[in-house]
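Residue-level structural notes
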Amino acid sequence: MQQSSAGVSYFWHLPANASAHGLALDNHLKLNLWIAFSLLALLHVLLMVGLIARRRAIRPVHKLTLEYIPLIAFTALFGTLAFQAQRLWALERYTGADPGAMQVEVTGMQFAWYFRYPGADGTFGNTSLSLIAPGEGNPVGLDPKDSYGRDDIVSSQLVLPADHEVDLALRAVDVIHGFAIPELRLKQNAVPGQAVHVHFTPTAPGTYAILCTQVCGSGHYRMQATLRVLSQAEFDAWLSAEERKAHDAAVGAGR
Ligand SMILES: [Cu+2]
């Protein structure tokens, strides 16, 4: 379908895809819409034929033709579509993350998103709900006694390298929030008490809005963050700068 200069398909009203898995989902969505549209048109034609035929009092159609054959055909059609959708979304996004995928933890709270990277040691430090204090620079509740947490990087922006798989662990500390990035064809609830993993590969460098898609309270409308997808070299430079900041903060706090 024709794309505008901003990358929006006018016919389908979809934002330009920026993930490795997005094209297959877009194609499946379009296939579903074409099938629904075709069936709508076909059933209207059949309705008209039925109305005209009844007036002419032709012989009745056999029950097998009228009921069972369409029933079996629709069951097979929608069963196949549902099975394919389940494979594309539930199976591919939630299982089988690459062992080398980058680990990032996402925390949703009324009304902000925070992103945590494990730092140079590759291990997340412990967190505790009782230690959460956004006003004091500890929005995810990092435990200062845990040495693994000393190099953890906490950011209000999600920054990722292009063409590298990322494994997100979604958390929520108060109510259910909806983590959504339309350009990455990604949407998953963050549920208190759970760490929901979803993995994907961003492909197009750029800046994208991260939205909350669950009405989570009076400030829901402003619960937004930004995803920046960078080249690998730019990402490495950003990560080094953040690691230095985290180290200086830990030294300053006497950790
Ligand atoms: Cu929210």
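Model, not experiment: these values are computed from the prediction. (Residues numbered from 1 in each chain as written. Predicted model: local features only at pLDDT ≥ 70, side-chain atom pairs only at ≥ 80, totals over all residues. Heavy atoms only, no water.)

Protein ligation of the copper ion involves His177 (ND1), Cys212 (SG), Cys216 (SG) and Met223 (SD), the donor distances falling in the range 2.1 to 2.5 Å. Given 4 donor atoms and angles of 91 to 122° at the metal, the environment of the copper ion is assigned as tetrahedral. All donors of the copper ion belong to a single chain; written as a sequence motif, their spacing is H-x34-C-x3-C-x6-M. On the basis of relative accessible area, Met223 is assigned to the buried category, the value being 1%. (Donors = N, O, S within 2.8 Å, 3.2 Å for Na, K, Ca; no water. Tetrahedral: all angles 85-135°; square planar, octahedral: opposite > 155°, others 65-115°. Buried < 20%, exposed > 50% of the residue type's maximum accessible area, 1.4 Å probe, protein only.)

We now examine the domain arrangement of the protein chain. Here the domain parsing of the protein chain yields domain 1 (22-93) and domain 2 (102-252). A C-alpha centroid distance of 43 Å is found between domain 1 and domain 2. Listed by partner, the interface residues are 6 residues for domain 1 and 7 residues for domain 2. With both sides pooled, the region where domain 1 packs onto domain 2 buries about 530 Å², and carbon together with sulfur makes up 47% of that total. Among the residues domain 1 hides against domain 2, the three largest losses belong to Asp26, Trp89 and Arg93. Together they make up 78% of the total. In this assembly, domain 1 and domain 2 are joined by 1 salt bridge. Between Arg185 and Asp26 there is a salt bridge whose closest N-O contact spans 2.7 Å. Taken together, the connections running from domain 1 to domain 2 amount to 3 residue pairs in polar contact (both at pLDDT 80 or more). Listed by contribution, the elements that provide at least two residues to the side of domain 1 that touches domain 2 are helix 1 (22-56) and helix 2 (63-94). For the side of domain 1 that touches domain 2, the class distribution of residues is 2 nonpolar, 1 polar and 3 charged. (Domains from an automatic or database assignment. Contact = heavy atoms within 4.5 Å. Buried area = accessible area lost by both parts, 1.4 Å probe. Salt bridge = Lys/Arg side-chain N within 4 Å of Asp/Glu carboxyl O. Polar contact = N/O pair within 3.5 Å; in protein donor to acceptor, adjacent residues only side chain to side chain. Helix = DSSP H or I, 4+ residues; strand = E, 2+ residues; numbered from the N terminus. Nonpolar A, V, L, I, M, F, W, Y, C, P; charged D, E, K, R; others polar.)

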